[in-house]
There are 2 protein chains.
Amino acid sequence: MQNFDLYNPTNVVFGKGEVPRIGELTASYGRRVLLVYGLGSVKKTGLYDKVTGSLREAGVEWVDSGGVKPNPVLSFAREAIGTFKQEKLDAIVAVGGGSVIDTAKTVAAGSRYDGDVWDFFTGKAGIEDASPVTVVLTLAAAASEMNGGAVITNEDTLQKTHIVSRHLFPKASILDPVNTFTVPRNYSMYGAVDAIIHVLEPYFNSSDPDTPLQDRFIEGLIKTIMESADIIYRQPNNYNARANMMWGATMALNGIASSGAGCTGFPMHMIEHSLSAIYDIAHGAGLAVVAPAWMKYNAPEEPRKYAQFAERVFDIGGGTPEERALEGIAALERWFSSVDAPVTLEDAGIPAEDINKIAKNANSLSELWGLPDYTVDVIADILRLAV
Amino acid sequence: MQNFDLYNPTNVVFGKGEVPRIGELTASYGRRVLLVYGLGSVKKTGLYDKVTGSLREAGVEWVDSGGVKPNPVLSFAREAIGTFKQEKLDAIVAVGGGSVIDTAKTVAAGSRYDGDVWDFFTGKAGIEDASPVTVVLTLAAAASEMNGGAVITNEDTLQKTHIVSRHLFPKASILDPVNTFTVPRNYSMYGAVDAIIHVLEPYFNSSDPDTPLQDRFIEGLIKTIMESADIIYRQPNNYNARANMMWGATMALNGIASSGAGCTGFPMHMIEHSLSAIYDIAHGAGLAVVAPAWMKYNAPEEPRKYAQFAERVFDIGGGTPEERALEGIAALERWFSSVDAPVTLEDAGIPAEDINKIAKNANSLSELWGLPDYTVDVIADILRLAV
């Protein structure tokens, strides 16, 4: 095992009926908050009323900041930071999925900084403070509800990248699986893909061959997420499946799965971010395209871990490690297809002729992401395996 | 899955060479600390010098409070609370295993309370504040380094019981597996038993039949701990095995394994506490005696989960669920024996004639532990299966 620091102070409140605690959980951090949410589904479902009712009861006033879209953009966050400062607010309540929470965290960091918040994303400045954030989660996918990261797209540069800081952990996050019942089937499945790739990044990129506990945790997590997704595909209102999916997605990127794996990097995410930045496709859909290609590219050189994945997750036996490795990747790809996730660029509506353009965009992140080996040529070679 | 709150703000610093960070990690919480440790092995190994050197460098003064013994006692904690208050200290550094950390936490709670600290253990008072605690861990077993619990024995009443509070999470804990190289073989193995039972309590006592992620996490944890213990048994200085054991033991009782399982209770621990309170045996040794008996008592009524345990942890197939359940328990018992842990009262040097005395002692805790069904007769019936 490699040395690591693990710190995760988010107070998770999990289960049905817990939303009315948001007021009380928020009140200790602020009396005047920015209420960040998405394109309005929280108003249709009644969640907005539940949240604001609870805030009101706890004596918390709010300023509305709705309209965050999937693949959230820098311009929205910059504007919200302006509102936050102008209104002299003291905290942020995020009601939504990863896009909304990431926007809230970006506002949290920017609200206590005099320069442009994009400085944090480019490494020009470090985050030394942030306003408190509380969360009501509506999508099982990103795990932003229990980590210190946020991803934003800069529409001017078409760069989609992230910040990570100890100051950005939500203070409290309410995870009621019932709030995911209304998530459309395709987005539910993309969330499952996202969570699976969150744990496969440290699983396959670890510099340490001896992390048995983390390996088993990750394998169990993937099996649980696939089982739950299969049920949700047919029964969107199945509480147990939604609950297991929600908790699985949170646990997939809260620091535990990657602890002890060494500095692993997130190359599948880096490449995918170019797809969703350029084509505005769902992040999970983009990952379903990129991940099998990336795995096919890497497995032949060091098949051991890929073979273990095949054996333990898909019960694939027999053959050589190389054969089992490729069978495991094929099985994962088949599963993605079975839940209607795209597995080729064409499936995702992306022309193969754009491969070089995508590779250049992804390569522009490689220094920032600590992945200098990912040259334009390497990325293009990987993407050609997704044709 | 059942509703739950999960909150664990301890900053874990894991790996070889990390001990010199204790000064810096402590300094933000206090400049004058109580240094709690055990019977002196930390002086022999040089760890004491490393810790105090780091404290000195960070400008932190300390008052020595050595001499905590296994199955730590109330009188020691009371005295240390007196010292803490008299010297007007502001934090506590614990260098040791569960006994030392639990003593430090008891002092932390008592240091900010005017009454007798035992009030917290009997439920007469609630913990509303505590002094900060930092930890350098030397034993993989209790997980006190990453949770809000502490166990103390009251020598006057012979009651061994616990406190749990959000105020008692260590602020930071340094887990260097090298510091466990010198733990004697028997205590290393008892630590493994302790960690295994920590996860089997929620596994078998859960009120929820649908916790697939937690189940797999627990099964993976038990397999990892058994594998690591088998290596440590032969190679006490094997870093990877010590690392996997140490991280496994911490993860076994930091709130994650039991999340979503409902209010499970800790009956195996409750019964064992009477053995170690009365006979001063190692807690892990006592658990190796109590756990198989408790499992044999409970498995016939509801064998499903026991059969799953047998299948997934010991690869036991065939037969009826009842048969697999009993085979799984026998396999665990055999494994305990294989690492020289006692599995009968006689093995542990406890006379079978004392069963009623032990049962009465354990029963005296049953109300406090929320386990009113554990009458003297039930406990005696269970203990008779350990003869």
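The model shown is predicted, which means the values in this text are computed figures rather than measured ones.

Enquirer: Lay out the overall build of chain A in plain terms, naming residues and giving numbers.
Expert: Regarding its fold elements, chain A presents 15 helices and eight strands. Looking at chain A as a whole, 57% of its 387 residues qualify as buried. Nonlocal contacts in chain A, meaning residues at least 24 apart in sequence, comprise 78% of its contacts between residues at least 6 apart.

Enquirer: Just give me the short version of the domain arrangement of chain A, but keep the residues and values in it.
Expert: Residue and element names in this part refer to chain A. You can read the domains of chain A as domain 1 (11-179) and domain 2 (184-384). Each of domain 1 and domain 2 was reduced to a C-alpha centroid, and the two centroids are 26 Å apart. Listed per partner, the contact involves 21 residues of domain 1 and 27 residues of domain 2. A per-element tally of the side of domain 1 that touches domain 2 places strand β7 (residues 159-164) first, with three residues. Of the residues in the side of domain 1 that touches domain 2, the class split is 12 nonpolar, six polar and three charged.

Enquirer: Can you lay out the pairing of strand β1 (residues 4-14) of chain B for me, pointing to particular residues and giving the numbers?
Expert: Summarising the sheet, strand β1 (residues 4-14) of chain A and β1 of chain B pair through seven bridges and their orientation is antiparallel. Across the sheet, the residue bridging to Asp5 of chain A is Val13 of chain B, located in β1 of chain B. Here β1 of chain B pairs with strand β8 (residues 172-175) of chain B via four bridges, running parallel. Within β8 of chain B, the position partnered with Asn11 of chain B by the bridge is Ala172 of chain B.

Enquirer: An account of the pairing of strand β5 (residues 133-137) of chain B is needed here, citing residue identities and associated values.
Expert: A regular strand places its side chains on the two faces of the sheet in alternate fashion. Residue and element names in this part refer to chain B. Burial runs high along β5: five of the five residues are buried. Alternating positions in β5 separate into two faces, Val133, Val135 and Leu137 on one and Thr134 and Val136 on the other, with burial throughout. Here strand β4 (residues 91-96) runs beside β5; their pairing, made up of five bridges, is parallel. Residue pairing for β5: Ile92 is matched across the bridge by Val133.

Enquirer: If you had to explain the environment of Asp280 of chain A to someone new, which residues and values would you point to?
Expert: Residue and element names in this part refer to chain A. Here Asp280 is to be found in the loop between α10 (267-279) and α11 (283-298). Assessed through the 12 C-beta atoms surrounding it within 10 Å, Asp280 is described here as exposed. Each C-alpha atom of the pair Asp280 and Pro72 lies 9.9 Å from the other, and the pair is 208 residues apart in sequence.

Enquirer: Describe the interface of chain B and chain A, listing the residues and the values that go with them.
Expert: Residue-level contacts link 33 residues of chain B with 33 residues of chain A. For the side of chain B that touches chain A, the secondary-structure elements that each account for two or more residues are β1, α8 (212-234) and α9 (239-251) of chain B. Sorting elements by how many residues they give to the side of chain B that touches chain A places β1 of chain B first, with 10 residues. Residues belonging to the side of chain B that touches chain A are distributed by class as follows: 15 nonpolar, 11 polar and seven charged.

Enquirer: Quick rundown of the relation of the copies chain B and chain A? Include the residues and the values.
Expert: Note on the copies: chain B fits chain A at an RMSD of 0.0 Å, the axial shift is 0.0 Å, and the rotation between them is 180 degrees. This pairing of chains is accounted for by a two-fold axis. In terms of proximity to the rotation axis, the leading residue of chain B is Pro9 of chain B, whose C-alpha is 2.0 Å off the axis. When you check the interface residues of chain B against chain A, 100% turn up at the interface there too, and the contact is symmetric in its surfaces.

Enquirer: Residues and numbers for helix α7 (residues 185-205) of chain B, please.
Expert: Residues and elements named next belong to chain B. An ideal rise of 1.5 Å per residue puts 30 Å on 21 residues; α7 measures up with 30 Å between its terminal C-alpha atoms. The principal kink in α7, of about 25 degrees, is found at Val199, preceding the proline Pro202 by one to four residues. Most of α7 is tucked away, with 17 of its 21 residues classed as buried.

Enquirer: I'd love a proper account of the nonpolar core, names of residues and values included.
Expert: The biggest cluster of nonpolar side chains holds 280 residues, and the ones touching the most others in it are Val36 and Ile92 of chain A together with Val36 and Ile92 of chain B. Val36 of chain A has contacts with Ser65, Val68, Ala80, Ile92, Ala94, Val100, Thr103, Ala104 and Val107 of chain A, leaving out every residue within four places of it along the chain.

Enquirer: Talk me through the packing of α7 of chain B against α8 of chain B; I want residue IDs and the actual numbers.
Expert: Residues and elements named next belong to chain B. Packing of α7 against α8 brings their axes to within 10 Å, and their N-to-C directions diverge by 170 degrees. In terms of orientation, α7 and α8 fall into the roughly antiparallel class. Where α7 abuts α8, its residues Arg185, Ser188, Met189, Ala192, Ala195, Ile196, Val199 and Tyr203 lie against Asp215, Ile218, Leu221, Ile222, Ile225, Ala229, Ile232 and Tyr233. Looking at the contact of α7 with α8 residue by residue, the class counts come to 13 nonpolar, one polar and two charged.

Enquirer: With reference to specific residues and values, describe unusual backbone geometry.
Expert: Residue and element names in this part refer to chain A. Even without a glycine there, the phi angle at Lys88 is positive, about 50 degrees. For Lys88, the location among the structural elements is in the loop between α4 (74-86) and β4 (91-96). Positive phi outside glycine occurs at Asp280, with the angle close to 55 degrees.

Enquirer: Describe the sheet that holds strand β2 (residues 32-37) of chain A, with residues and values.
Expert: With respect to topology, 12 strands assemble into an open sheet ordered β3(A)-β2(A)-β4(A)-β5(A)-β8(A)-β1(A)-β1(B)-β8(B)-β5(B)-β4(B)-β2(B)-β3(B), the strand pairing being mixed. Of all strands in the sheet, those with a lone pairing partner are β3 (61-65) of chain A together with β3 (61-65) of chain B, marking the two edges. Taking each pair of neighbouring strands and ignoring which way they run, the sheet shows an average axis angle of 25 degrees. Its contacts with the sheet put α4 of chain A on β2 and β3 of chain A, and the angle it makes with β2 of chain A is roughly 165 degrees.

Enquirer: Go over helix α3 (residues 47-57) of chain B, please, and point to the residues and values.
Expert: Residue and element names in this part refer to chain B. Those residues of α3 lying buried are Leu47, Val51, Ser54 and Leu55. Around the axis of α3, the buried residues are gathered within 100 degrees of arc, so they sit on the same side. For α3, exposure combined with an orientation more than 90 degrees from the buried face picks out Asp49, Arg56 and Glu57. Contacts made by the buried residues of α3 are with α1 (22-27), α2 (41-44), β3, β4 and β5.

Enquirer: Before we move on, can you summarise the environment of Gly98 of chain B with the specific residues and values?
Expert: Residues and elements named next belong to chain B. With respect to the helices and strands, Gly98 occurs in helix α5 (residues 98-110). The class of Gly98 is buried, set by 28 C-beta atoms lying within 10 Å. When the C-alpha positions of Gly98 and Arg78 are compared, they lie 18 Å apart, and in sequence the two are 20 residues distant. Sequence-distant contacts of Gly98, that is, excluding residues within four places in its chain, are made with Leu139, Ala141, Ala142 and Ser144.

The rules behind each value
Each chain has its residues counted from 1, running along the sequence as written. A letter from A marks each chain and a number from 1 marks each ligand, given out in the order of writing. At least 70 in pLDDT is required for a residue's local features to be given in this predicted model, at least 80 for side-chain atom pairs to be given and counted, and no such filter applies to totals for whole chains, interfaces and linings, which use all residues. Think of it this way: any DSSP run of H or I at least four residues long counts as a helix, any run of E at least two long counts as a strand, and we number them from the N terminus. Field definition: a residue is buried when 20 or more other C-beta atoms are found within 10 Å of its C-beta, exposed when 12 or fewer are, and partly exposed for counts in between, with C-beta atoms placed from the backbone. In this description, a residue-residue contact is defined by the distance between C-beta atoms placed from the backbone, which must lie within 7 Å. Each domain's extent is set by a domain assignment, obtained either automatically or from a database. Each residue is assigned to one of three groups, with Ala, Val, Leu, Ile, Met, Phe, Trp, Tyr, Cys and Pro labelled nonpolar, Asp, Glu, Lys and Arg labelled charged, and all others, Gly among them, labelled polar. By this definition, two strands are paired if DSSP reports at least two bridges between them. For this overlay, a least-squares fit was computed on C-alpha atoms, restricted to residues scoring pLDDT of at least 70 in both copies. Multiplying 1.5 Å by the residue count of a helix minus one yields the expected span of that helix. The term bend refers to the angle at a residue between two fitted axes, each drawn through seven residues, those ending there and those starting there. In plain words, the nonpolar core is the set of buried Ala, Val, Leu, Ile, Met, Phe, Trp, Tyr and Cys residues that C-beta atoms within 7 Å link up. Between the N-to-C directions of two axes lies an angle of 0 to 180 degrees, each axis being a line fitted to C-alpha atoms and, for a helix, fitted only over the stretch in contact. Roughly parallel here means an angle under 35 degrees, roughly antiparallel means over 145, roughly perpendicular means 65 to 115, and every remaining angle is called oblique. Working definition: the arc comes from the directions between the helix axis and the C-beta atoms, pointing outward to the latter.

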